[in-house]
Amino acid sequence: MEIKISPKFKKELAKLKGKNKNLILKINKQFVLFSQNPAHPSLRTHKLSGNLSNSWSISVDRGFRLVY
């Protein structure tokens with residue numbers, strides 16, 4: 001699966017690189033897992049509700065998730 005990253009997300013990642021390198025490593029790991037198997041259990045993939053009802057989310061860690 002090909003993952004396309006929005007310019008806004010790239011900008012946010014660049015901000016994080018200087019602050020939290022461990023989080024960047026976790027995000028990269030989750031991208032690899034997601035590209036290989038979007039239903040991998042450690043991603044905790046789930047559909048969102050409310051204003052984001054057309055979106056899905058994967059978990060990076062307890063306090064950080066990625067929405068697609």
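Scroll up to find the structure.
Remember, predicted model here, so these are calculated numbers, not experimental data.

Draft legend 1. Molecular detail of the packing of helix α1 (residues 7-19) against helix α2 (residues 21-36). Put simply, α1 and α2 touch, their axes get as near as 6 Å, and they point 135 degrees apart. By the criterion of interaxial angle, the relationship of α1 to α2 is oblique. Between α1, through F9, L13, L16, K17 and K19, and α2, the contact on the second element is made entirely by K21, L23, I24, I27 and F31. Here the residues of the contact of α1 with α2 are counted per class, giving 7 nonpolar, no polar and 3 charged.

Draft legend 2. Representation of unusual backbone geometry within the structure. Here the phi dihedral of R44 falls at roughly 50 degrees; this positive angle occurs in a residue that is not glycine. Mapped onto the elements, R44 comes out in the loop between α2 and β1 (46-47). By relative accessible area, R44 is classed as partly exposed at 46%.

Draft legend 3. Seen up close, α1. Spanning 13 residues, α1 covers 19 Å between terminal C-alpha atoms, matching the ideal 18 Å at 1.5 Å per step. Taken across its 13 residues, α1 has 1 buried, putting it largely on the surface.

Draft legend 4. A look at the sheet that holds β1. Strand order in the open sheet formed by 3 strands is β1-β2-β3, and the pairing between neighbours is antiparallel. Every other strand in the sheet has two partners, leaving β1 and β3 (64-67) as the edge strands with one partner each. The sheet contact formed by strand β2 (residues 56-61) and β3 spans 4 bridges and is antiparallel. Bridge pairing in β3 links I58 to L66.

Draft legend 5. Highlighting the pattern of salt bridges. Under the criterion given, the structure shown has 2 salt bridges. In this structure, K15 engages E12 in a salt bridge whose closest nitrogen and oxygen atoms are separated by 3.5 Å. Residue K15 and its partner E12 are both found in helix α1; the two are separated by 3 residues, about one turn of the helix. For K15, a relative accessible area of 48% puts it in the partly exposed group. Salt-bridge contacts for K26 lead to D61; the nearest nitrogen and oxygen are separated by 3.5 Å. Highlighted residues: K26 in helix α2 and D61 in strand β2, separated in sequence by 35 residues. Judged by relative accessible area, which is 31%, K26 ranks as partly exposed. You can call D61 partly exposed: its relative accessible area is 23%.

Rules used throughout
Every chain's residues receive numbers from 1 upward, in the order its sequence appears when written. Under the rules for a predicted model, residues below a pLDDT of 70 receive no local features and side-chain atom pairs below 80 are neither given nor counted, while totals for whole chains, interfaces and linings still include all residues. In computing side-chain properties, one takes all heavy atoms of the structure into account and sets aside hydrogens as well as water. The axes are straight lines fitted to the C-alpha atoms, using for helices just the contacting stretch, and the angles between their N-to-C directions are given from 0 to 180°. Labels follow the DSSP assignment, with helices taken as runs of H or I lasting at least four residues and strands as runs of E lasting at least two, numbered in each case from the N terminus. Note that the term roughly parallel is reserved for angles under 35 degrees, roughly antiparallel for angles over 145, roughly perpendicular for angles of 65 to 115, and oblique for everything else. Contact between two residues is taken to exist if any of their heavy atoms lie within 4.5 Å; hydrogens are not considered. We call Asp, Glu, Lys and Arg charged. Ala, Val, Leu, Ile, Met, Phe, Trp, Tyr, Cys and Pro are nonpolar, and the rest, Gly among them, are polar. Exposure classes here rest on a 1.4 Å probe applied to the protein chains alone. A residue is buried below 20% of its type maximum, exposed above 50%, and partly exposed in between. In this analysis, the expected span of each helix is defined as 1.5 Å times one less than the number of residues it contains. Whether two strands pair depends on DSSP finding at least two bridges between them. Here, a salt bridge means any side-chain nitrogen of Lys or Arg that lies within 4 Å of a carboxyl oxygen of Asp or Glu.

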